Amino acid sequence: MKSFDHETIRLNSETDTRALGLRIAEAAEPGDVVALIGDLGTGKTALTKYIAEGLGIKGDISSPTFTIVKEYRSGRMPLYHFDVYRLGSGDELLDIGAEEMLDGDGLCVIEWADIVADVLPEDALAVRLDYGENEGERIAEIL
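Predicted model, so just to flag it, every value in this text is computed and none were measured.

What counts, and at which threshold
Each chain carries its own residue numbering, running from 1 in the written order of its sequence. Thresholds applied to this predicted model are a pLDDT of at least 70 for local features of residues and 80 or more for the giving and counting of side-chain atom pairs; totals over whole chains, interfaces and linings are not thresholded and use all residues. Excluding hydrogens and water, the side-chain values take into account all heavy atoms of the structure. Labels follow the DSSP assignment, with helices taken as runs of H or I lasting at least four residues and strands as runs of E lasting at least two, numbered in each case from the N terminus. The contact rule is simple, with two residues in contact once any of their heavy atoms fall within 4.5 Å. Every case where a carboxyl oxygen of Asp or Glu lies within 4 Å of a side-chain nitrogen of Lys or Arg is listed as a salt bridge. Here's how the labels work: a residue is buried when its accessible area is under 20% of the maximum for its type, exposed when over 50%, partly exposed in between, all with a 1.4 Å probe on protein chains only. At least two DSSP bridges between two strands are needed for those strands to be called paired. Fitted lines through C-alpha atoms give the axes, limited to the stretch in contact for helices. The angle between two N-to-C directions lies from 0 to 180 degrees.

Draft legend 1. Layout of the side chain of Thr42. Summarising the element assignment, Thr42 is placed in the loop between β2 (33-38) and α2 (44-55). If sequence neighbours within four positions are ignored, Thr42 has contacts with Leu129, Asp130, Tyr131 and Arg138.

Structural data, given as structure tokens:
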């Protein structure tokens, strides 16, 4: 994804997370991939919700933990929201037909992307989310 350099961003509130999500959505083009990496509770789904908002997607955005992927088509481009926590490898992601979406007409946002990193495009935007030092703070590192 173009227009992002390596940077570290402190997310001290939902407002900060929303701003990052909207920024990612604004830069997104069909075929882009956002690879989210981080422990449980670091804000991967929250960031995805704000990316979806920035794309103009209406409705509730929730993690597709058990379905692996959810498609949203009400925005300026489709959003393919993956949660690959239950997968063991990139090959398993391809086995479920994700290649069409990765090379498709929308934006792919992949939670737990480190599990499937071997099959993601080299130009994917990787965002590592970590807990910050203060309560409620998160650190987003654009890799």
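Alright, that's what it looks like, and here's the rest.
Draft legend 2. Local environment of the pattern of salt bridges. One pass over the structure, following the stated rule, counts five salt bridges. Residue Arg23 pairs with Glu7 through a salt bridge whose shortest N-O separation is 2.6 Å. Note that Arg23 is positioned in helix α1 (residues 14-27) and Glu7 in strand β1 (residues 7-11), a separation of 16 residues in sequence. On the accessibility criterion, Arg23 (33% relative accessible area) is partly exposed.

Draft legend 3. Quick look at the sheet that holds strand β6 (residues 125-131). Pairing is mixed across the open sheet formed by seven strands, whose spatial order is β1-β7-β6-β2-β5-β4-β3. Every other strand in the sheet has two partners, leaving β1 and β3 (69-72) as the edge strands with one partner each. Strand-to-strand twist of the sheet, defined as the mean angle between neighbouring strand axes without regard to direction, takes the value 20°. For strand β4 (residues 79-83) and strand β5 (residues 107-111), the ladder comprises five bridges, and the chain directions are parallel. Bridge pairing in β5 links Leu79 to Leu107. Each of β1, β2, β6 and β7 (138-142) touches α1; the most contacted strand, β1, lies at about 140° to it.

Limitation: the analysis is restricted to geometry and does not speak to function.
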